[in-house]
Amino acid sequence: MASELSAAADLYAWLDEALPRDAAPADVVARMHVALEEAVVNAVLHGFPAGVVGEITVRVSVADDTVRLTVEDNGSAFDPTAAATPRRPRSLSEAVPGGWGLALIRRFCPTAAYERQSETNRLTMCFGLK
Amino acid sequence: MLIAVEEAADDITLVRLSGRIDVAGAIAIEMPMNVVGGSRNAVVVDLSEVDFMASLGLRCLVQCAKAVQARRGKLVLLAPQPIVAEVITTSGIDELVPVYKLHADALAAVSSR
């Protein structure tokens, strides 16, 4: 998909169709959706210079009661598993909307793994189906 | 209907969000939330019928809350479902915008009376 928000709208349905029917509890699917949104939106909003539309590839595989989600992008190098989470604002007036993606990925997929190969960021997220 | 805005007693505005506030949902509610944020001073955002929300939806809420607060108004969140509540607490939004479980408590929190 192109690195644009509008292209990301269909991701959830795409993921649901890739999963075996009734394979995952609803709460596990919801957690996958959160992690997927955060990973993709992070790449869309922060992975490329302004005005540049890059490529984001999302893959899913299911094996041994585990769903493996992989989000790849050809943007600037960024490891969401190691980057420091932004300092929490002390007040609403100080808050800048955004910056929650890293915390959400780590919460909803603590085992997320990052690697960079051939100018590509790859985030792999695994979810147990049972 | 993803968003419904109604005026309640005591000049309180009740914003009812419903369904999935995912990428498409967040884009859809952004404008009406901006209108509420730019014009209302006592706002309760009812999340009880929201099945899903992540950071894009949170952006809309926080932007609206900031706009309301900038005019010395109040905005609170009401009754998020478990997955949405977890997103709210993980992001720390609950430290910035009050979250209530009960409708009466939310109304009382924004009431000027």
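Residues numbered from 1 in each chain as written. Chains lettered and ligands numbered in written order. Predicted model: local features only at pLDDT ≥ 70, side-chain atom pairs only at ≥ 80, totals over all residues.

Undergrad: I'd like to hear about the overall build of chain A, residue by residue, with values.
TA: Of regular secondary structure, chain A possesses 4 helices and 4 strands. Each helix (α) and strand (β) of chain A, taken in turn from the N terminus, gives the series α-α-α-β-β-α-β-β. Against the compact-globule benchmark of 14 Å for 130 residues, chain A has a radius of gyration of 15 Å, which places it among compact chains. Here the C-alpha coordinates of chain A stretch approximately 45 × 35 × 25 Å along the principal axes. In chain A, buried positions account for 32% of the 130 residues. Of the contacts formed within chain A by residues at least 6 apart in sequence, a portion of 69% connects residues at least 24 apart. (Helix = DSSP H or I, 4+ residues; strand = E, 2+ residues; numbered from the N terminus. Rg over C-alpha atoms; globule rule 2.2 N^0.38 Å. Buried ≥ 20, exposed ≤ 12 C-beta atoms within 10 Å, placed from the backbone. Contact = placed C-beta atoms within 7 Å.)

Undergrad: Any details on unusual backbone geometry? Residues and values, ideally.
TA: In this structure, D65 of chain A takes a positive phi of about 60 degrees despite not being glycine. Position of D65 of chain A relative to the elements: it lies in the loop between strand 1 (56-63) and strand 2 (66-73). Take D65 of chain A: there are 11 C-beta atoms within 10 Å of it, and that puts it in the exposed class. Phi is positive for R72 of chain B, close to 65 degrees, though the residue is something other than glycine. Position of R72 of chain B among the secondary structure elements: in the loop between helix 2 (55-70) and strand 4 (74-78). A count of 7 C-beta atoms within 10 Å places R72 of chain B in the exposed class.

Undergrad: So, the interface of chain B and chain A: which residues are in play, and what are the values?
TA: Across the boundary between the two partners, chain B contributes 23 residues, which contact 24 residues of chain A. Only helix 1 (23-39), helix 2 and helix 3 (82-91) of chain B provide two or more residues apiece to the side of chain B that touches chain A. When residues of the side of chain B that touches chain A are assigned to their parent elements, the largest contribution, 9 residues, is made by helix 2 of chain B. Taken together, the residues of the side of chain B that touches chain A break down into 13 nonpolar, 6 polar and 4 charged. (Nonpolar A, V, L, I, M, F, W, Y, C, P; charged D, E, K, R; others polar.)

Undergrad: Which residues make up the environment of S118 of chain A, and what values do they have?
TA: Residue and element names in this part refer to chain A. Topologically, S118 is positioned in the loop between strand 3 (113-117) and strand 4 (120-128). On the basis of neighbour count, S118 is assigned to the exposed category, with 6 C-beta atoms found within 10 Å. A sequence separation of 44 residues divides S118 from N74, and the C-alpha atoms of the two residues are 8.8 Å apart.

Undergrad: Now, about the sheet that holds strand 1 (residues 3-7) of chain B: what can you tell me, with residues and values included?
TA: Residues and elements named next belong to chain B. Read across the open sheet, the 5 strands follow the order 1-2-3-4-5; overall the sheet is mixed. Whereas interior strands pair on both sides, the edge strands pair on one side only; in this sheet they are strand 1 and strand 5 (99-100). Pairing between strand 4 and strand 5: 2 bridges, direction parallel. Note that in strand 5 the partner of L78 across the bridge is Y100. (Pairing = 2+ DSSP bridges.)

Undergrad: Please give an account of the nonpolar core that cites residues and values.
TA: Ranked by internal contacts, the top residues of the largest apolar core, which has 72 residues, are V40 of chain A together with V45 of chain B. Setting aside anything within four residues of it in sequence, one finds V45 of chain B in contact with V15, L17, L61, L75, L77 and L78 of chain B. (Core = buried A, V, L, I, M, F, W, Y, C linked by C-beta atoms within 7 Å.)

Undergrad: Tell me about the packing of helix 1 of chain B against helix 2 of chain B, residues and numbers included.
TA: Residues and elements named next belong to chain B. Between helix 1 and helix 2, whose axes approach to 8 Å, the crossing angle comes to 5 degrees. Judged on the interaxial angle alone, helix 2 and helix 1 are roughly parallel. Along its contact with helix 1, which presents V23, G25, A26, I29, E30, M33, N34, V36, G37 and G38, the element helix 2 presents L56, G57, R59, C60, Q63, C64, A67 and V68. For the contact of helix 1 with helix 2, the class distribution of residues is 10 nonpolar, 6 polar and 2 charged. (Axes fitted to C-alpha atoms, helices over the stretch in contact; angles between N-to-C directions. Parallel < 35°, antiparallel > 145°, perpendicular 65-115°, else oblique.)

Undergrad: Give a detailed account of the pairing of strand 1 of chain B, specifying residues and quantitative values.
TA: Residue and element names in this part refer to chain B. Where strand 1 lies against strand 2 (residues 13-21), 5 bridges are found, and the strand directions are antiparallel. By the bridge assignment for strand 2, V5 is matched with V15. Here strand 1 hands over to strand 2 after 5 residues, with D10 in that stretch at a positive phi of 60 degrees.

Undergrad: Summarise the confidence of the model for chain B; cite the residues concerned and give the values.
TA: On average, residues of chain B score 95 in pLDDT, and 99% of them reach the 70 mark or higher. Reported for the predicted complex are a pTM of 0.92 and an ipTM of 0.90. (pLDDT = per-residue confidence, 0-100.)

Undergrad: Break down the pairing of strand 1 of chain A for me, citing the residues and quoting the values.
TA: All names here are of chain A. Bridge analysis of strand 1 against strand 2 gives 8 bridges, and the strand direction is antiparallel. From the neighbouring strand, A63 faces strand 2, where its bridge partner is T66. Taking the residues between adjacent antiparallel strands as the criterion, strand 1 and strand 2 are bridged by 2 residues, where D64 takes a positive phi near 50 degrees.

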